[in-house]
Amino acid sequence: MTDEKDIIQKEALDVDQLMEEFDKDTSKLRKLKGNVAKFGTVIAIAMASFHLYTAGFGTLLSYKQRSLHIIFAFILGLLLYPAGKKSSKEKPSILDFVLMGIGVVVFGYVFLFPEQLALKGGNATTMDLVFGILAILLTLEVTRRVVGPELPIVAIVFLAYAYFGPQMPGVLAHRGFSLTRIVSHMYMGLEGIMGIPLGVSATFVFLFILFGAFLEKTGVGKFFIDMAFGLTGHYKSGPAMTAVVASGFMGSISGSSVANTVTTGAFTIPLMKKTGYKPYFAGAVEAAASTGGQIMPPVMGAAAFIMAEFTGIPYLKIIIAAAIPAILYYFAVGTMVHLEASKLGLKGLPREQLPKVGKLMLSRGYLLIPLVTIVYFLVAGNTPTLAAFKAIVISLVIAIIATLVRKDKSFTFNDFLGALEAGAKGAVGVACACACAGMIVGVVTLTGLGLRIAELIVSAAGGNLLLTLFFTMIASIILGMGLPTTAKYIVLATMAVPALLKLDVNLMAAHLFILYFGVVADITPPVALAAYAGAGIAGANSMKTGFQAVKIALAAFIVPYIFAIDPRLIMVEEIVGSTVVFTPFVSALPVVVSAVIGILCLAAAVEGYLVKKTNIIERVLLAAAALMLLKPGLVTDAFGVVVLIGTYLFQKASLKKAQQA
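Anyway, here's the lowdown on the structure attached to this text. (Residues numbered from 1 in each chain as written. Predicted model: local features only at pLDDT ≥ 70, side-chain atom pairs only at ≥ 80, totals over all residues. Heavy atoms only, no water.)

### With respect to the overall build of the protein
Argument step 1. Counting its regular elements, the protein contains 32 helices and two strands.
Argument step 2. With the principal axes as the frame, the protein shows a C-alpha extent of 90 × 65 × 50 Å.
Argument step 3. Considering only contacts in the protein between residues 6 or more positions apart, those separated by 24 or more positions represent 78%.
Argument step 4. Surface exposure of the protein reaches about 25900 Å², of which carbon and sulfur atoms provide 67%.
Argument step 5. The positive charge centre, built from 50 side chains, and the negative charge centre, built from 35, are 4 Å apart in the protein. (Helix = DSSP H or I, 4+ residues; strand = E, 2+ residues; numbered from the N terminus. Contact = heavy atoms within 4.5 Å. Areas by Shrake-Rupley, 256 points an atom, 1.4 Å probe, with all protein chains shown as cover. Lys, Arg positive; Asp, Glu negative; His and termini not counted. Charge placed at Lys NZ, Arg CZ, Asp CG, Glu CD.)

### With respect to helix H11 (residues 196–218)
Argument step 1. Look at H11: 32 Å from first C-alpha to last across 23 residues, which is about the 33 Å you get at 1.5 Å a residue.
Argument step 2. Maximal helix bending in H11 amounts to about 40°, located at Ala202.
Argument step 3. Most of H11 sits out of view: 19 of its 23 residues are buried.
Argument step 4. One or two residues past the end of H11 sits Gly219, with phi positive at roughly 100°. (Expected span 1.5 Å × (residues − 1). Bend = angle between axes of the 7 residues up to and from the residue. Buried < 20%, exposed > 50% of the residue type's maximum accessible area, 1.4 Å probe, protein only.)

### A look at the packing of helix H31 (residues 616–628) against helix H32 (residues 634–660)
Pairs of packed helices are described in terms of their axes, by the angle between the two and the distance that separates them.
Argument step 1. It is at 9 Å that the axes of H31 and H32 come closest, and there the two elements cross at 155°. Between H31 and H32, the crossing angle belongs to the class labelled roughly antiparallel. Crossing handedness for the pair H31 and H32: left-handed. Side by side, H31 and H32 meet where Glu618, Leu621, Leu622, Ala624, Ala625 and Met628 of the first sit next to Thr636, Phe639, Gly640, Val643, Leu644, Thr647, Phe650 and Gln651 of the second.
Argument step 2. Per-class residue counts for the contact of H31 with H32 are nine nonpolar, four polar and one charged. (Axes fitted to C-alpha atoms, helices over the stretch in contact; angles between N-to-C directions. Parallel < 35°, antiparallel > 145°, perpendicular 65-115°, else oblique. Left-handed = near helix turned anticlockwise from the far one by under 90°. Nonpolar A, V, L, I, M, F, W, Y, C, P; charged D, E, K, R; others polar.)

### Some details on unusual backbone geometry
Argument step 1. For Asp504, which is not glycine, the phi torsion reads 65° and is therefore positive.
Argument step 2. Here Asp504 shows up in the loop between helix H25 (497–502) and helix H26 (507–519).
Argument step 3. Despite not being glycine, Met571 shows a phi value in the positive range, around 60°.
Argument step 4. Inspection of the secondary structure puts Met571 in the loop between helix H29 (555–565) and strand E1 (572–576).

### As for the environment of Ala424
Argument step 1. Considering the arrangement of structural elements, one finds Ala424 in helix H21 (residues 413–447).
Argument step 2. Those residues within four positions of Ala424 in sequence are excluded, and the remaining contacts are Ala44, Met47, Ala48, Leu76 and Phe206.

### A closer look at the pattern of salt bridges
Argument step 1. As enumerated under the stated definition, the model contains 12 salt bridges in all.
Argument step 2. Notably, a salt bridge pairs Arg30 with Asp96, separated by 2.8 Å at the nearest N-O pair. Placement of Arg30 in the loop between helix H3 (24–27) and helix H4 (34–57) and of Asp96 in helix H6 (residues 94–112) is noted, with a sequence separation of 66 residues between them.
Argument step 3. When its relative accessible area of 6% is taken as the criterion, Arg30 is described as buried.
Argument step 4. Owing to a relative accessible area of 2%, Asp96 belongs among the buried residues under this scheme.
Argument step 5. The shortest N-O distance in the salt bridge between Asp128 and Lys120 comes to 2.6 Å.
Argument step 6. Residues participating in the shared-partner salt-bridge network are Arg30, Asp96, Glu141, Arg144 and Arg145. (Salt bridge = Lys/Arg side-chain N within 4 Å of Asp/Glu carboxyl O.)

### Here we look at a nonpolar patch on the surface
Argument step 1. A grouping of Ile133, Leu137, Tyr163, Phe164 and Leu179 is seen on the molecular surface, where their side chains present a nonpolar patch of about 470 Å² in accessible area.
Argument step 2. In this structure, Leu179 sits in helix H10 (residues 179–187). (Patch = residues over 30% accessible without salt bridge, like charges linked within 9 Å, V, L, I, M, F, W, Y side chains within 5 Å.)

### Points about the nonpolar core
Argument step 1. The biggest cluster of nonpolar side chains holds 222 residues, and the ones touching the most others in it are Phe513 and Leu569.
Argument step 2. Top contributing element to this core by residue count: H21, with 19 residues.
Argument step 3. Aside from chain neighbours lying at most four places away, what touches Phe513 is Leu469, Thr472, Met473, Leu500, Pro560, Tyr561, Phe563 and Ala564.
Argument step 4. One finds Ile225, Ala228, Ala266 and Leu349 within the second-largest nonpolar core, a separate group that totals nine residues. (Core = buried A, V, L, I, M, F, W, Y, C linked by side-chain atoms within 4.5 Å.)

### Some remarks on the packing of aromatic side chains
Argument step 1. In total, this model carries 24 aromatic pairs according to the counting rule given.
Argument step 2. On the numbers, 5.3 Å between centres and 85° between planes, the contact of Tyr109 with Phe131 is edge-to-face. Separated by 22 residues along the polypeptide, Tyr109 in helix H6 and Phe131 in helix H8 (residues 126–146) bring together distant segments of the chain.
Argument step 3. Members of the aromatic cluster, joined through ring pairs, are Phe204, Phe208, Phe305 and Tyr315.
Argument step 4. Across the ring face of Phe377, the terminal group of Lys390 is positioned such that the distance to the ring centre comes to 5.1 Å.
Argument step 5. Over the ring of Tyr280 we find Lys544, and its NZ or CZ is 4.4 Å from the ring centre. (Phe/Tyr/Trp six-rings, centres within 6.5 Å; stacked < 30°, edge-to-face > 60°. Lys NZ or Arg CZ within 6 Å of the ring centre and 35° of its normal.)

This is how it looks when you write it as structure tokens:
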């Protein structure tokens, strides 16, 4: 009998190597050496320590908290990310250190004199103007290095729009603003670079990223993968279902589709291939499952925290609303995987080769305590920042106790420092994206562009809700291809959400709608980073893997329409200010059942299999039933049930008849 550890370890690939190859953030990183590497480590640990201290003992004034956050992030960004392909991969240039100095000066000025800047009310002095221009240029450059050129280009277009307003056509025209007005708005106030997005990055987001880093260092990631194998490895869908479950678990602590794909895919994809899945399908399953992590409570992604700030709705209520759609997403992916395994006639792994769930819970179940406690603290009314701080402290205490009891070196002081460093470095991309996206939001608030765009969308759709949702979906996917999920959400929250609100879409549903479609951009060709990572691990064609991932995750394209039309799916009845009136689950149940039936019909139609392979008539009927169930109702639900049960019984009878013949 194979040892339960060997079955996983011998199939695993080098996660660090895969991250470097497929995660664009990791692949661009410098490999710092010597004193420069030590300097980077000190800055990262100082950044994490600052955020831990302010989380536990009270944040600073907004100007101070955000300016210090951006100083740390920009120093790390300039240290870790070279200016271009020809730049040194081992040490920063003199220019990099000059830019670091500029960042310290221009944002240090904000940190030291916040009251003076606030009292000026936009009346910038010459020094303010110079510092403001430098701050804008520096933000664009660091974001270009860390995130990529797409977001800075969008920001530049928006800044140009603010200046050239009178020359804009039709409804887009506005009176225009002077250079001084634009610069002061972007730099001196809290509606530009240091706006709400950066404020969220400097509080909630950083702490949850740090929390994830501590969980990883204490072994939670490995525990999730082992548990998933133990729970699902024996089913006919075997390792593929394991990928779905493990990625769902990992999604609760990881906000990156690519990182999730690489971390779990390094173990699951080789096993899927060994079991009999085609390489492109194995890569697609992992990518689709991993992408759902950004919509899976309790942590979700950084965009969920920004959503809380934009809407004024407490974060706890957002994750409650997001729970059912996220579960439906994973149910749909799991259904697709199971039907594919049935179609191929695959078998699961022998139970004796799999980790024993009982043993795992007894030996490492304590690792789940921090995740349970963070949910408890949120329910108890703690702010997300304080809840994350307490959970980090608890995870640290548990790791120390476990190390002392075991009398081994499973968690050392170096691991503690490593978690601080990893958390800070992991937050750099989000901080830069939020700072740059803040300028986009600043232009929207300055010019009123959001309302103009909303009018254009509603007008183009002729006031039709489904068409408006469709146009918003297309915009979300297109933006999501070039921008990180956080930045994409920020842009669309200020521009597309007002269009949905004009047509009486529920506020929560409107924001979740754009978040979902920004997330699935990670698996939507031609720019499908998570799918390409899965393809790389599987040794499969990238485009084929991307299209297969879209096919597997097709429910993610359906579920948002359901809750936008009927918000009972997110259990939200009414929103008044920050007060959310939730629908009782009994009232939401019919919509959930309708969605489940729709997902089953859709999966059977797409896979071409239910009890056996479906014929063309069965596939058309199942697809029609799935589309009709977009709008829950007695007639559409009855049609879906009749088609699903009718097809199932017909195929069962047909199969029995064939076996008897």
